Amino acid sequence: LVMRLTQNTNGNYTTRQLKLPLEIEKLIDIADPVYTFCEVMEHIDLTPYFVDDKDYKTGRPRCDAQKLLKVILFAFMEHGISSLRDIEKLCRNDIRFMYLLDGMKVPSFATFGNFIRNELTAPIEQIFREINLHCVSFIIKQSIIKPMC
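Rules behind the numbers
Positions within a chain are numbered from 1, following the residues in the order the chain's sequence is written. Given that this is a predicted model, residues contribute local features only at a pLDDT of at least 70 and side-chain atom pairs are listed and counted only at 80 or more, while totals for whole chains, interfaces and linings are drawn from all residues. No hydrogens and no water enter the side-chain calculation; it runs on all heavy atoms of the structure. In this analysis an axis means a line fitted to C-alpha atoms, helices contributing only their contacting stretch, and an angle means the value between N-to-C directions, from 0 to 180 degrees. Labels follow the DSSP assignment, with helices taken as runs of H or I lasting at least four residues and strands as runs of E lasting at least two, numbered in each case from the N terminus. Each angle gets one of four labels, with under 35 degrees taken as roughly parallel, over 145 as roughly antiparallel, 65 to 115 as roughly perpendicular, and the rest as oblique. Contacts were defined at the residue level, with two residues in contact if any of their heavy atoms lie within 4.5 Å. Just so you know the grouping, Ala, Val, Leu, Ile, Met, Phe, Trp, Tyr, Cys and Pro go in nonpolar, Asp, Glu, Lys and Arg go in charged, and all remaining residues, Gly too, go in polar. Each aromatic pair joins two rings of Phe, Tyr and Trp (for Trp, the six-membered one) with centres within 6.5 Å, and gets the label stacked for planes under 30 degrees apart, edge-to-face for over 60, and tilted for any other angle. With a 1.4 Å probe rolled over the protein chains alone, any residue whose accessible area is under 20% of its type maximum counts as buried; one over 50% counts as exposed, and the rest are partly exposed. Expected helix span is taken as 1.5 Å per residue step, with the number of steps being one fewer than the number of residues. Here a polar contact is taken to be a pair of N or O atoms separated by no more than 3.5 Å, where protein atoms must pair a possible hydrogen donor with a possible acceptor and residues adjacent in sequence count only if both atoms sit in side chains. As used in this record, nonpolar core signifies buried Ala, Val, Leu, Ile, Met, Phe, Trp, Tyr and Cys residues forming a set joined through side-chain atoms within 4.5 Å. Two helices crossing with the near one rotated counterclockwise from the far one by less than a right angle form a left-handed crossing, whereas a clockwise rotation gives a right-handed crossing. Whenever Lys or Arg places a side-chain nitrogen within 4 Å of a carboxyl oxygen from Asp or Glu, that contact is recorded as a salt bridge.

Student: Mind laying out the packing of helix α3 (residues 65-79) against helix α6 (residues 109-118), listing which residues take part and the relevant values?
Tutor: Running from amino to carboxyl end, α3 crosses α6 at an angle of 100 degrees, the nearest separation of the two axes being 11 Å. Here α6 runs roughly perpendicular to α3, going by the angle between their axes. Two secondary-structure elements touch here, α3 through A65, L68, L69, V71 and I72 and α6 through T111, F112, F115 and I116. Broken down by class, the residue content of the contact of α3 with α6 amounts to eight nonpolar, one polar and no charged.

Shown next as structure tokens:
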């Protein structure tokens, strides 16, 4: 009987496996900027920033372009210009980037590079500036702040 209780039938089991909440939102502070970022991005049409090419019929399923762009822009917002390897590492280790990926497998740095080179219509810095201008104009239209003259 003692042998059965102490013998682990699954060598990969650890006592920490079920301690994390299954919903990662519960681990992120309610005041974290990722929530504001997501809220703002929901109101912005990102389709003009993507190459309009629907001819892919073979090969591996494509990554979600909206999620990839959001991850890159959030990394740009939080860390300035980041290397693609750093963005990949953030996606593996930072719970906020996991939240942005929303269950998608972590893209490699090469996937991010191919996406930036082949799938975007403008440089990432220009897209970031345009989204910032969109946010400022939205804030001014809503009379949240007054424009300085």
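Okay, back to it.
Student: Can you explain the packing of aromatic side chains? Please cite residues and give values.
Tutor: Scanning the entire structure with this criterion turns up five aromatic pairs. Judged by centre distance (5.2 Å) and plane angle (55 degrees), the rings of F37 and F74 are tilted. Linking F37 in helix α2 (residues 33-42) with F74 in helix α3, this pair joins segments that are 37 residues apart in sequence. Residues F37 and F74 agree in their burial class; the two are buried. Aromatic pair F50 and F115: ring centres 6.2 Å apart, planes at 55 degrees, arrangement tilted. One end of the pair, F50, is in the loop between α2 and α3; the other, F115, is in helix α6, with 65 residues separating them in the sequence.

Student: Before we move on, could you go through unusual backbone geometry and cite the residues and values that matter?
Tutor: Despite not being glycine, D102 has its phi angle at roughly 50 degrees, a positive value. Position of D102 among the secondary structure elements: in the loop between α5 (95-101) and α6. With relative accessibility at 57%, the residue D102 sits in the exposed group.

Student: Which residues make up α3, and what values do they have?
Tutor: Between its first and last C-alpha atoms α3 spans 21 Å; for 15 residues at 1.5 Å apiece the expected length is 21 Å, and the two agree. Where the residues of α3 are buried, they touch α2, α4 (84-93), α5, α6 and α7 (124-141). You can read the cap of α3 off the contacts: a side-chain oxygen lies 3.0 Å from the backbone nitrogen of Q66, and it is on D64. Two residues or fewer past α3, G80 is found with a positive phi of approximately 75 degrees.

Student: Give a description of the nonpolar core that names residues and reports values.
Tutor: Core analysis: the biggest nonpolar cluster contains 33 residues, and L69, L73 and I131 have the highest contact counts within it. Looking at this core, the elements with two or more residues in it are α2, α3, α4, α5, α6 and α7. If you tally residues by element for this core, the top one is α3, at eight residues. Not counting residues up to four positions away in its chain, the partners in contact with I131 are M41, I44, L46, Y49 and L73.

Student: Could you give an account of the packing of α2 against α3, with specific residues and numbers?
Tutor: Axes are the key here: two packed helices are described by the angle between their axes and the distance separating the axes. Here α2 crosses α3 at 130 degrees, and the two axes come no closer than 11 Å. The pairing of α2 with α3 is recorded here as oblique in orientation. Once α2 is placed against α3, the crossing between them reads as right-handed. Each of P33, V34, F37 and M41 in α2 lies in contact with α3, whose residues at this interface are K70, L73, F74, M77 and E78. Within the contact of α2 with α3, the residues separate by chemical class into seven nonpolar, no polar and two charged.

Student: So what's going on with the pattern of salt bridges? Which residues, and what values?
Tutor: Taken as a whole and judged by the stated rule, the model has four salt bridges. Measuring nitrogen to oxygen at the nearest pair gives 3.0 Å for the salt bridge that ties R92 to E88. Of this pair, R92 and E88 both sit in helix α4, four residues apart, which is roughly one turn of that helix. Its relative accessible area of 46% is what places R92 among the partly exposed residues. For E88, a relative accessible area of 14% puts it in the buried group. With a shortest N-O distance of 3.3 Å, R96 and D94 are connected by a salt bridge. Here the two residues R96 and D94 agree in accessibility, since each one is buried. Through salt bridges with shared partners, a single network forms among D32, E78, D94 and R96.

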